[in-house]
Amino acid sequence: MPVPILKQGTYLIASVQSALTDADTERLQDDLMKQVSKYRAHGIIVDVTAIDVMDSFAARSLRTIAHMTQLRGAETVIVGLQPEVAFAMVQLGLTFEDMHTALDLEEGLAWLNRKTTGRRQRDGRDSGR
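Since this is a predicted model, take the numbers as computed values, not measurements.

S.K.: What exactly am I supposed to notice about helix H2 (residues 56-71) here?
M.R.: In an α-helix, one turn spans 3.6 residues, which is why side chains three or four residues apart end up on the same side. An ideal rise of 1.5 Å per residue puts 22 Å on 16 residues; H2 measures up with 23 Å between its terminal C-alpha atoms. On its buried face, H2 sits against helix H1 (22-39), strand S3 (43-47), strand S4 (75-79) and helix H3 (83-92). Its side-chain oxygen placed 3.3 Å from the backbone nitrogen of phenylalanine 57, aspartate 55 serves as the N-cap of H2. Where H2 terminates, the next one or two residues include glycine 73, which has phi positive at roughly 95 degrees.

S.K.: I would appreciate a short explanation of the packing of H1 against H2 in the present structure.
M.R.: Interhelical geometry of H1 versus H2 gives an angle of 10 degrees and a closest axis separation of 10 Å. Considering the angle they form, H1 stands roughly parallel to H2. Side by side, H1 and H2 meet where Asp22, Thr25, Glu26, Leu28, Gln29, Leu32, Met33 and Val36 of the first sit next to Phe57, Ser61, Thr64, Ile65, Met68 and Thr69 of the second. Of the residues in the contact of H1 with H2, the class split is 7 nonpolar, 5 polar and 2 charged.

Conventions used here
Here, residues in each chain are numbered from 1, in the same order as that chain's written sequence. In keeping with the model being predicted, local features are shown solely for residues with a pLDDT of at least 70 and side-chain atom pairs are shown and tallied solely at 80 or more, while totals for entire chains, interfaces and linings include all residues. Each side-chain value is derived from all of the structure's non-hydrogen atoms; neither hydrogens nor water enter the calculation. Secondary structure counts use DSSP, requiring at least four H or I residues in a row for a helix and at least two E residues in a row for a strand, with both numbered from the N terminus. Here, expected helix span is obtained from the residue count minus one, scaled by 1.5 Å. In what follows, residue pairs with any heavy atoms lying within 4.5 Å of each other are defined as contacts. Contacts described as polar in this section are N or O atom pairs within 3.5 Å, which, within protein, must combine one atom able to donate a hydrogen with one able to accept it, while residues neighboring in sequence count only if both atoms come from side chains. Only the stretch in contact is used when fitting a helix axis, every axis being a line fitted to C-alpha atoms; angles between N-to-C directions are given from 0 to 180 degrees. Working definition: roughly parallel below 35 degrees, roughly antiparallel above 145 degrees, roughly perpendicular at 65 to 115 degrees, and oblique for all remaining angles. In the scheme used here, Gly and all other residues not listed as nonpolar or charged are polar, with Ala, Val, Leu, Ile, Met, Phe, Trp, Tyr, Cys and Pro taken as nonpolar and Asp, Glu, Lys and Arg as charged.

By themselves, these are just geometric observations and shouldn't be taken as functional.
Have a look at this one:
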């Protein structure tokens, strides 16, 4: 099932609605990379609030998405990790040490706003467009 990706100003928001198959995860990577280029996005939020189980492939793929989009000039934040998912990830040694996470969408947007303010000003854009 494809993950819907919404454009909000210079940000993209991918809202994962259910556990992803490996093929879904790879499609999300491809779709995000295409849209980062198409919209010249400065920030990406991947909302995983609806996920109650995350396997190692999905966790590694989220980290890969963050690294790939960063190389294209966009910051990525993962939001909505459920406590049980976070606990299981730590137990399995799967961490997001090198990427940013936030409690929810609101906190993720606030972090992106702080992180990308200078970039938007240099480009002559603001988050309301």
